Amino acid sequence: MKKIKQLIFLIGIISTVSLWSQEKIKATGIDSLVIKADHFIGNDNLKNDYFTFKNVIKKRNRDQEYEYQNLSLGKIEDICITNPLQVVVFYEAFNSLVLLDNQLNETQQIDGNKFETPIKIEAFGLASQNQVWLYDGFLQKINLYNFKSNNIKVISTPLATSIKDYGSDYNYFYWITDEFDFYSISIFGKISSIGKIPVYDTIQIIDNSKIIYSKNDELYYFNTNKPLAIKINLNQKSFDKFFFTNGILSIFTTNQIINYKIDLP
């Protein structure tokens, strides 16, 4: 009887894992937008799309379009659109960030070379209370810089490994190492090891447990609290970039943005 119970229990586990591995997330098409772009950045909670074309940042919705360009700072490396009222642009060649308002007007420049102790900006993001996250490649430390008071403070010891990819929100900065280990640090400087994540080609960190990543032109959702990745079913066979926010998954192909509604488990 004991062996029979053990066998039934084992069959139950195998069945559960099998169902989990076969689970897929349905993506329902909403709309699409034809654009001329070099790089798609993403969209915000006000349904504005952000992209670059010939080193010009463009913000577009159905009614309006705004642009920003700064030839003196060279090539745009990355853009943070966490807050549509405070867009942050990174110019790696000049070790600088530019802050833009909701109409892409420049409000402030942050030059990593001009701090009392210069830093090499290698990762960044918008934090709470008029602050930005700054990862210093010189000392391998994470900083918080208040752009209103012009005050910078180190909140971490040197990181033991390099940063492969990163993301942030108002209260946390997240990073992934070359070994695919996932970490976070709070605005108070507490570092947490979140866990191991699957090998990927590109990734978007949603929060401290959820990610969406691409591998071999397929998209997957992964929750660090659950055992397996779940495939996201798309009609699209290939894409250049993806971005997820507020239940909307946007796929960028050669000349258009395609929006899907998805529900993450």
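Residues numbered from 1 in each chain as written. Predicted model: local features only at pLDDT ≥ 70, side-chain atom pairs only at ≥ 80, totals over all residues. Heavy atoms only, no water.

*Asks:* I keep staring at the confidence of the model for the chain and nothing clicks. Help me out?
*Replies:* Low-confidence regions, as indicated by low pLDDT, have predicted coordinates that should not be scrutinised in detail. In this model, the chain carries a mean pLDDT of 91, and residues with pLDDT of at least 70 account for 92%. Counting interchain partners and residues more than four positions distant, the pLDDT-below-50 stretch residues 1-21 has six contacts. (pLDDT = per-residue confidence, 0-100. Contact = heavy atoms within 4.5 Å.)

*Asks:* I tried to follow the sheet that holds strand S13 (residues 141-146) on my own but got confused; where do I start?
*Replies:* The pairing of strands in a sheet happens through backbone hydrogen bonds and is either parallel or antiparallel. Strand order across the open sheet formed by four strands is S11-S12-S13-S14, with antiparallel pairing between neighbours. In this open sheet, the two edge strands, each paired with only one partner strand, are strand S11 (121-126) and strand S14 (151-154). Mean inter-strand twist for the sheet, computed between neighbouring axes without regard to direction, equals 25°. Pairing of strand S12 (residues 131-136) with S13, which is carried by six bridges, proceeds in the antiparallel orientation. Residue pairing in the sheet places Trp133 in a bridge with Leu144 of S13. (Pairing = 2+ DSSP bridges. Helix = DSSP H or I, 4+ residues; strand = E, 2+ residues; numbered from the N terminus. Axes fitted to C-alpha atoms, helices over the stretch in contact; angles between N-to-C directions.)

*Asks:* Would you take a moment to explain the packing of aromatic side chains for this structure?
*Replies:* The relation between two aromatic rings is expressed through the spacing of the ring centres and the mutual angle of the planes. Evaluation of the coordinates by the stated rule reveals 13 aromatic pairs. Considering the side-chain rings of Phe124 and Tyr166, the 6.4 Å spacing of their centres and the 65° angle between planes classify their relative orientation as edge-to-face. Of this pair, Phe124 sits in strand S11 while Tyr166 sits in strand S15 (residues 163-168); the two residues are 42 residues apart in sequence, bridging distant segments of the chain. By relative accessible area, Tyr166 is classed as partly exposed at 25%. Here Tyr213 and Tyr220 contribute two aromatic rings whose centre-to-centre distance is 5.4 Å and whose plane-to-plane angle is 20°, an arrangement assigned as stacked. Its relative accessible area of 5% is what places Tyr213 among the buried residues. Looking at Tyr220, the relative accessible area reads 22%, which means it is partly exposed. What links up through ring pairs into an aromatic cluster is the set Phe90, Phe124, Trp133, Tyr166, Phe173, Trp175 and Tyr183. (Phe/Tyr/Trp six-rings, centres within 6.5 Å; stacked < 30°, edge-to-face > 60°. Buried < 20%, exposed > 50% of the residue type's maximum accessible area, 1.4 Å probe, protein only.)

*Asks:* Teacher, can you tell me more about unusual backbone geometry here?
*Replies:* Keep in mind that most residues, glycine aside, have a negative phi and that most peptide bonds are trans. One non-glycine residue, Phe180, lies in the positive phi region at around 65°. Counting through the fold element by element, Phe180 comes out in the loop between strand S16 (172-177) and strand S17 (181-186). Its relative accessible area of 14% is what places Phe180 among the buried residues. Unlike most non-glycine residues, Asp217 shows phi in positive territory, near 65°. Mapped onto the elements, Asp217 comes out in the loop between strand S20 (210-215) and strand S21 (218-223).

*Asks:* Looking at this model, I keep getting lost on the sheet that holds strand S24 (residues 248-252). Mind explaining?
*Replies:* Taken in spatial order, the four strands line up as S2-S25-S24-S23 in an open sheet, and their pairing is antiparallel. One side of each edge strand has no neighbouring strand; the edge strands of this open sheet are strand S2 (28-34) and strand S23 (241-245). Ignoring strand direction, the axes of neighbouring strands in this sheet form an average angle of 20°. When S24 meets strand S25 (residues 256-261), the two strands line up antiparallel, connected through five bridges. The residue bridging Ile251 from the neighbouring strand is Ile258, located in S25.

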